[in-house]
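Chain by chain, the residues run as shown.
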Amino acid sequence: MKLHFSKMHGLGNDYIYVNCLEHKLKHPEEVARIVSDRHFGVGSDGLILICPSDRADFEMRMFNADGSEGKMCGNAIRCVGKYVYDRGFTDRKTLQIDTRSGVKTLELTLEDGKVSTVRVDMGRASLRARDIPVETDYDDFVSQPMLVHGEVFLVTCVSMGNPHAVIFCDDVEDLPLEDIGPLFENHEKFPDRINTEFIELVDRQTLKMRVWERGSGETFACGTGACAAVVAAVVNGHCDAGDEVTVRLRGGELKITCREDFTVLMEGPAAHVFDGVMEIDL
Ligand SMILES: N[C@H](CCC[C@H](N)C(=O)O)C(=O)O
């Protein structure tokens, strides 16, 4: 089959976007694995489908590079806003996008008539162990020690609709992420696997972050991960609720606000790279 796609990214967290408004895509798991391959495919952190929705303006589905489906993606939802507006599928600058973890509201900001940045109401974070899920005897998993790779890490688990383990450390540059990332991702405590964020505290309004994503490995940025990091920073007393926190990722910066009630706002850029067609044997 011929796959018509767009490559877009949010801070270098790049996905292949497919318009499924008219036609469904068969076998999205396999397509995700094929297109994501950086040597034999197009190259991406996964696949995003833009679909019609009964209860929102559009629906987004996301698949990781290994073909597994995720429930939410912060960087991709901004790009979906850009995709549907710039292509004229909507003329609204406030949009509702349905995801596997509920409907999110987007506010689009334009530059020269095209979407440049998007602010997303990410909804309420959950610290409940069973929402993540994480195996523990307690109700939540905040600053709990885990022995991984011969080292004790203090881990705070947050659900942003998808699962995150947040770890504060002194220096994120020097981390052997390729070694420790998979050990967290596949740890027996996390029955659905997990996305893991390593955070260096710069000051009370600035965090530096590297991420190991479930199903995709190290990525240049993770929107839900940046939100989870700020939630964990508030819970652990490193940042203040209501403050706008800048999260510096490998691919650039996101602005995140975690309110007292743990609802989270995220603002950041969305970029289009190119459109293409790929012949896929399926
Ligand atoms: N990069 C995404 C998150 C993808 C999460 C995915 N790896 C999962 O399995 O939950 C973001 O910007 O929020």
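The rules we used
- Residues numbered from 1 in each chain as written.
- Predicted model: local features only at pLDDT ≥ 70, side-chain atom pairs only at ≥ 80, totals over all residues.
- Helix = DSSP H or I, 4+ residues; strand = E, 2+ residues; numbered from the N terminus.
- Rg over C-alpha atoms; globule rule 2.2 N^0.38 Å.
- Buried ≥ 20, exposed ≤ 12 C-beta atoms within 10 Å, placed from the backbone.
- Contact = placed C-beta atoms within 7 Å.
- Domains from an automatic or database assignment.
- Nonpolar A, V, L, I, M, F, W, Y, C, P; charged D, E, K, R; others polar.
- Pairing = 2+ DSSP bridges.
- Core = buried A, V, L, I, M, F, W, Y, C linked by C-beta atoms within 7 Å.
- UniProt positions renumbered as here; feature names shortened; annotations may be inferred.
- Near = placed C-beta within 6 Å.

## Comments concerning the overall build of the chain
Summing up its helical and strand segments, the chain has four helices and 18 strands in all. Taking 19 Å as the expected radius of gyration for a compact globule of 282 residues, we find that the chain reaches 18 Å, a close match to that expectation. Considering only C-alpha atoms, the chain reaches an extent of 50 × 40 × 35 Å along its principal axes. By the burial criterion, 44% of the 282 residues in the chain qualify as buried. Partitioning the intrachain contacts of the chain with sequence separation of at least 6 by distance along the chain shows that 63% fall at a separation of at least 24.

## Side note on the domain arrangement of the chain
A common way to state how big an interface is: give the accessible area lost once the parts meet. Each domain of the chain was delimited in the assignment, giving domain 1 (2–121 + 269–279) and domain 2 (129–261). Centre-to-centre, using C-alpha coordinates, domain 1 lies 24 Å away from domain 2. On the domain 2 side, the residues contacting the 19 residues of domain 1 number 20 residues. Grouping the constituent residues of the side of domain 1 that touches domain 2 by class yields four nonpolar, 12 polar and three charged.

## Describing the pairing of strand 10 (residues 151–159)
Relative to strand 10, strand 9 (residues 144–148) is paired through five bridges, and the arrangement is antiparallel. Its bridge partner being in strand 10, valine 148 is matched across the sheet by glutamate 151. Once strand 9 ends, the chain turns through two residues before running back antiparallel as strand 10, passing histidine 149 with a positive phi of about 60 degrees. Examined bridge by bridge, strand 10 and strand 11 (residues 163–168) share five bridges and lie antiparallel to one another. Counterpart to serine 159 in the pairing with strand 11 is proline 163. What sits between the antiparallel neighbours strand 10 and strand 11 is a turn of three residues, in which glycine 161 has the positive phi angle 95 degrees.

## Focus: the nonpolar core
Among the nonpolar cores identified, the biggest contains 82 residues, and Val80, Ala226, Cys227, Ala229, Val230 and Val231 are the most heavily contacted of them. Of all the elements, helix 4 (residues 223–235) adds the most residues to this core, at 10 residues. Each of domain 1 (2–121 + 269–279) and domain 2 (129–261) contributes no fewer than three residues to this core. Discounting residues that sit within four places of it in the chain, valine 231 has contacts with Ala125, Val158, Cys258, Phe262 and Val264.

## Describing the UniProt feature "active site" (unreviewed entry) in the chain
The UniProt record annotates "active site" (unreviewed entry) at Cys73 and Cys222. These annotated residues cover 150 residues of sequence, and their C-alpha atoms all fall within 7.6 Å of one another, placing them together at a single site. Relative to the elements of secondary structure, cysteine 73 occurs in the loop between strand 5 (69–70) and helix 2 (74–86). On the basis of neighbour count, cysteine 73 is assigned to the buried category, with 31 C-beta atoms found within 10 Å. If sequence neighbours within four positions are ignored, cysteine 73 has contacts with Met62, Gly223 and Thr224. Topologically, cysteine 222 is positioned in the loop between strand 14 (217–219) and helix 4. Beyond its immediate sequence surroundings of up to four residues, cysteine 222 is in contact with Asn13, Gly74, Asn75, Asn195, Val211 and Glu213.

## Focus: the site of the ligand
Near the ligand lie 17 residues; those nearest to it are Gly70, Gly74, Asn162, Gly223 and Thr224. Of all elements in the fold, only helix 2 and helix 4 reach the threshold of two or more residues within the shell around the ligand. For the shell around the ligand, the element with the highest residue contribution is helix 4, accounting for three residues. Grouping the amino acids of the shell around the ligand by side-chain chemistry returns two nonpolar, 13 polar and two charged. Of the residues that make up the shell around the ligand, three or more belong to each of domain 1 (2–121 + 269–279) and domain 2 (129–261).

## Observations regarding the environment of threonine 257
Structurally, threonine 257 is set in strand 16 (residues 252–258). On a C-alpha basis, the gap between threonine 257 and cysteine 227 in space is 7.9 Å, while along the polypeptide they are 30 residues apart.

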